[in-house]
Amino acid sequence: MTRKSIIIAGTALLLAPGSTTAWAQSAKPAAAAKVGTGAGTITALDTRAGTVTIKHGAIPAIGWPAMTMTFRASPPTLLKNLRTGQRVGFTAKAQGMNAEVTAIRPQ
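Residues numbered from 1 in each chain as written. Predicted model: local features only at pLDDT ≥ 70, side-chain atom pairs only at ≥ 80, totals over all residues. Heavy atoms only, no water.

S.K.: Got a sec to walk through the overall build of the protein chain? Specific residues and values, please.
M.R.: Summing up its helical and strand segments, the protein chain has two helices and five strands in all. If you list the helices and strands of the protein chain from N to C, you get α-α-β-β-β-β-β. Sorting the 107 residues of the protein chain into buried and exposed places 26% on the buried side. A total of about 7,300 Å² of accessible surface is found on the protein chain, and carbon and sulfur atoms cover 60% of it. (Helix = DSSP H or I, 4+ residues; strand = E, 2+ residues; numbered from the N terminus. Buried < 20%, exposed > 50% of the residue type's maximum accessible area, 1.4 Å probe, protein only. Areas by Shrake-Rupley, 256 points an atom, 1.4 Å probe, with all protein chains shown as cover.)

S.K.: Residues and numbers for the side chain of H56, please.
M.R.: Mapped onto the elements of the fold, H56 is located in strand β2 (residues 51-56). We classify H56 as buried; its relative accessible area is 4%. Look past the residues within four positions of H56 in its chain and what remains in contact with it is A39, G40, W64, P65, A66, M67, M69, F71 and F90. (Contact = heavy atoms within 4.5 Å.)

S.K.: Would you mind going over the sheet that holds strand β3 (residues 67-73) in detail, with residue names and values included?
M.R.: If you walk around this closed barrel you meet the five strands as β1-β2-β3-β5-β4, and the pairing is mixed. Neighbouring strand axes in the sheet, compared pairwise and without regard to direction, differ in orientation by 55° on average. (Pairing = 2+ DSSP bridges. Axes fitted to C-alpha atoms, helices over the stretch in contact; angles between N-to-C directions.)

S.K.: Mind laying out the pattern of salt bridges, listing which residues take part and the relevant values?
M.R.: Applying the stated criterion across every chain, the model contains two salt bridges. One salt bridge in this structure joins E100 and R72, with 2.5 Å as the shortest N-O distance. Taken together, the residues span a long stretch of sequence, with E100 in strand β5 (residues 98-106) and R72 in strand β3 at a distance of 28 residues. Connected through shared salt-bridge partners, R72, K93 and E100 make up one network. (Salt bridge = Lys/Arg side-chain N within 4 Å of Asp/Glu carboxyl O.)

S.K.: I'd love a proper account of the packing of aromatic side chains, names of residues and values included.
M.R.: Summed over the entire model, instances satisfying the criterion amount to two aromatic pairs. Geometrically, the ring pair formed by W64 and F71 is tilted, given 5.9 Å between the ring centres and 50° between the ring planes. Taken individually, W64 and F71 each receive the classification buried, so the pair is uniform in this respect. Here F71 and F90 contribute two aromatic rings whose centre-to-centre distance is 5.5 Å and whose plane-to-plane angle is 55°, an arrangement assigned as tilted. Within this pair, whereas F71 is found in strand β3, its partner F90 is found in strand β4 (residues 87-95), the two being separated by 19 residues in sequence. Residue classification places F90 among the buried positions, given a relative accessible area of 0%. One aromatic cluster in this structure is built from W64, F71 and F90. (Phe/Tyr/Trp six-rings, centres within 6.5 Å; stacked < 30°, edge-to-face > 60°.)

S.K.: So what's going on with the pairing of β2? Which residues, and what values?
M.R.: Relative to β2, strand β1 (residues 34-46) runs antiparallel, the two sharing six bridges. Its bridge partner lying in β2, D46 is registered against T51. Here β1 folds back onto β2, and the loop between the two strands holds four residues, one of which, G50, carries a positive phi near 75°.

Right, dumping it as structure tokens:
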């Protein structure tokens with residue numbers, strides 16, 4: 001077989017009707033968003049970036065153990081009147097590796 005015929009045969013396989021179906025079926029769907037509530041202490045606050053870092057307890061609804069993590073605030077105005085060291089309750093939404101705080105209140 002010549003190099004040209006190998007390339008043509010490979011291209012034909014890639015474009016064959018059944019080949020894309022098998023690939024599409026093996027692709028994993030996007031993870032659904034999970035929502036849960038937690039409580040913790042603000043360890044860092046960046047109002048310009050719209051982020052808050054919270055050392056929190058376990059959040060079973062999302063499947064998270066206790067940890068310290070940075071969240072994007074949605075909307076960023078949630079961070080008004082908060083301060084580092086403050087104890088808060090919050091609602092978090094997680095989808096894959098993205099996490100955001102959708103509500104936060106001092107405790």
